[in-house]
Amino acid sequence: MPTLRSDAAVRDGASSEYLTFRLGEEEYAIDILKVQEIRGYDAVTGIAHAPAFIKGVINLRGLIVPVVDLRIKFGVGLVEYTPFTVTIILNLGGRIVGMVVDAVSDVMALAHADVLPAPEFSSRLDTRYIHGLATYDDRMLIVVDIEKLMLAPEMALSDEGTSAGERP
């Protein structure tokens, strides 16, 4: 596992810790503070008429949690469930959501200066949820604003006008 850049940088707030994971051939990073737990992939209960990327729901110690398969949402790689497939349970402002990824890689600290803005693409490529790109040990990481992604209206995981965890 990579080591932190420097203890002083972490204490001074010059860096943040990220959980890295794989989707197909790409490696992504999300803010570790949004991660509640990591679980092996288990079957989910499907929901009728849900978008294809919403796999369904799981019962997490008495709490019904929606589960999103990011491979389907991002159109990345073959959707295949292996022993390395995991569900990352996220806590997004009190809203609990699961996301399925191919594998979890590391927890690492990235200096804020190392996360560079994503290049501009045509309007057909949606980069709204990409916080930036970072290089770490010869690896290119796509840093995702996971809260912005998961709570976006098109994800159908929250109702606009209600606070997180509140039912309409």
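Given the structure is predicted, the values throughout are model-derived calculations rather than measurements.

A few words now on the pattern of salt bridges. Applying the stated criterion across every chain yields a total of nine salt bridges. Here Glu27 makes a salt bridge to Arg139, at a shortest N to O gap of 2.7 Å. Highlighted residues: Glu27 in strand 2 (residues 26–31) and Arg139 in strand 10 (residues 139–144), separated in sequence by 112 residues. The shortest N-O distance in the salt bridge between Glu37 and Arg61 comes to 2.5 Å. Linking Glu37 in strand 3 (residues 35–40) with Arg61 in the loop between strand 4 (54–60) and strand 5 (63–69), this pair joins segments that are 24 residues apart in sequence. With relative accessibility at 62%, the residue Arg61 sits in the exposed group.

What follows deals with the confidence of the model for the protein. Chain-level pLDDT for the protein is 83 on average; 82% of the residues reach the 70-or-more range. Here residues 1–11 is a poorly scored stretch, pLDDT under 50, and it has 22 contacts once near neighbours within four places are set aside; other chains count. Segment residues 160–168 is flagged for pLDDT under 50; beyond a separation of four residues in sequence, or across chains, it makes eight contacts in the model.

Conventions and cut-offs
Residues numbered from 1 in each chain as written. Predicted model: local features only at pLDDT ≥ 70, side-chain atom pairs only at ≥ 80, totals over all residues. Heavy atoms only, no water. Salt bridge = Lys/Arg side-chain N within 4 Å of Asp/Glu carboxyl O. Helix = DSSP H or I, 4+ residues; strand = E, 2+ residues; numbered from the N terminus. Buried < 20%, exposed > 50% of the residue type's maximum accessible area, 1.4 Å probe, protein only. pLDDT = per-residue confidence, 0-100. Contact = heavy atoms within 4.5 Å.

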